[in-house]
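The lines below spell out each chain.
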Amino acid sequence: MTRMGTQETPGGDNRSRELPAEVHGPPPVEPTEPVRPAEPEGDEQRDQEGQASQSGRQRLAKGLWPPRVTRPQLIVALLLFVLGLGLAIQVRSNNDSSALRGARQEDLVRILDELDDRTQRLEGEKQRLEDQRTGLENSSDQAEEARKQTVEKERQLGILAGTVAAQGPGITLTIDDKKGSVEADMLLDAIQELRAAGAEAIQVNDVRVVANTYLSDTDSGGVRVDGRKVGKPYRFKVIGKPQDLEPALNIPGGVVQTLEKEQATVTVTRAEKIVVDALRAAKRPDYARSSSQ
């Protein structure tokens, strides 16, 4: 420690005093630099740069896809689907009835009359069956009554199966196909329409039409019925109510108009007596047996 000097004391005391050691103050504070935030490194920095460079359209597309579907949205989508399906079915049903919209008033009246006749025919069949049941219940000799009804039922089934001849009122349908444009499916449509109108017995040329009858085209240009080729013209002998059979063939867009578009000549003739005498051999079924045996 450096001696700085002496100081006299009062009274002549010439003793020397040492000055106290130099007192050092706090060290000077050096200026510090401001703290900078840590810069993103690696992938985070690249992501921020890429996100900043994206356009508004890209951000919109990214926000919309993949979609985030919630439960209420699924319910609304299902309701809209059911509503659209119902509208499609309604439009299709309206299109199916477009043929009747374009029909004339006379044709519509005839169609309604035909439907009324079918209804009456079904009601008559129902009443006949109820009368048979009542007769069996009230007859004193139920066995004899049952035998009579069985014989009558056998006769009716024989007509339907084609094993016995039949006669009655009906129509004759003649199709003259000189150009060979009539195909098997057109004749099948005619048979189906006649059956729907209440035909009870049908014969095409020399072939009896039954429940399992099939039609096919030949390679030489013709039609086979149950494997037998039938010649032209095609002649249908049909037993049924003429007032129902003829209008069923002449409805707009029906059998007659379809055949005439193929340039075939179609003739429908009513008659009080039609004889259907083409027979089918009764074939015993290979596997089916009566449940009463």
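Heads up: the structure comes first, above all this text.
Cut-offs applied
- Residue indices begin from 1 for each chain and proceed along its sequence in written order.
- pLDDT decides what is reported in this predicted model: residues at 70 or higher carry local features, side-chain atom pairs at 80 or more are listed and counted, and totals for whole chains, interfaces and linings draw on all residues regardless.
- No hydrogens and no water enter the side-chain calculation; it runs on all heavy atoms of the structure.
- Among buried residues, the Ala, Val, Leu, Ile, Met, Phe, Trp, Tyr and Cys ones that are joined through side-chain atoms within 4.5 Å form a nonpolar core.
- With a 1.4 Å probe rolled over the protein chains alone, any residue whose accessible area is under 20% of its type maximum counts as buried; one over 50% counts as exposed, and the rest are partly exposed.
- The secondary structure listing takes helices from DSSP runs of H or I that are at least 4 residues long and strands from runs of E that are at least 2 residues long, numbered from the N terminus.
- Any pair of residues with heavy atoms lying within 4.5 Å of one another is described as a contacting pair.
- Strands are labelled as partners when DSSP assigns at least two bridges between them.
- In this analysis an axis means a line fitted to C-alpha atoms, helices contributing only their contacting stretch, and an angle means the value between N-to-C directions, from 0 to 180 degrees.
- Buriedness for pockets is judged along seven lines, at least five of which must meet protein on both sides within 12 Å for an open set on the 1 Å grid over protein atoms alone, while cavities are sets there where a 1.4 Å probe fits but cannot get out, and lining residues have an atom within 4 Å of a point.
- Grid points are joined across faces, edges and corners, and a volume is the space filled by probe spheres set on the points.
- Residue classes follow a fixed rule: Ala, Val, Leu, Ile, Met, Phe, Trp, Tyr, Cys and Pro count as nonpolar, while Asp, Glu, Lys and Arg count as charged, and any other residue, Gly among them, counts as polar.

### Digging into the nonpolar core
Ranked by internal contacts, the top residues of the largest apolar core, which has 32 residues, are Ile-175, Leu-194 and Phe-236. In terms of residues, this core owes the most to one element, helix 7 (residues 184-196), which gives six residues. For Ile-175, the residues in contact, after removing those within four places along its chain, are Val-182, Leu-187, Pro-233, Tyr-234, Phe-236, Leu-259, Ala-264 and Thr-265. Core analysis: the second largest hydrophobic core is formed by six residues, Ile-159, Ala-166, Ala-201 and Val-276 among them.

### What to know about the sheet that holds strand 6 (residues 228-230)
If you trace the three strands from one edge of the open sheet to the other, you get 4-5-6, paired in antiparallel fashion. Among the strands making up the open sheet, the edge pair consists of strand 4 (215-217) and strand 6. Strand-to-strand twist of the sheet, defined as the mean angle between neighbouring strand axes without regard to direction, takes the value 40°. Two elements, strand 4 and strand 5 (residues 223-225), share three bridges in a ladder whose sense is antiparallel. Following the sheet pairing, Leu-215 is matched in strand 5 by Val-225. Packed on one face of the sheet, helix 7 meets strand 4 and strand 5 and runs near 160° to strand 4.

### Concerning the layout of surface pockets
Empty pockets left among the atoms are what a rolling probe the size of a water molecule brings to light. In this structure, the largest pocket spans a volume of roughly 490 Å³. Taken together, the elements giving at least two residues each to the lining of the largest pocket come down to helix 5 (105-138), helix 6 (142-161) and strand 1 (166-176). Here the element with the most residues in the lining of the largest pocket is helix 6; it accounts for six residues. Within the lining of the largest pocket, the residues separate by chemical class into eight nonpolar, two polar and six charged. A volume near 280 Å³ is recorded for the second largest pocket. If you trace the second largest pocket, you find it lined by Ala-161, Thr-163, Val-210, Asn-212, Arg-280, Ala-281, Ala-282, Lys-283 and Arg-284. Residues that form the lining of the second largest pocket fall into these classes: four nonpolar, two polar and three charged.

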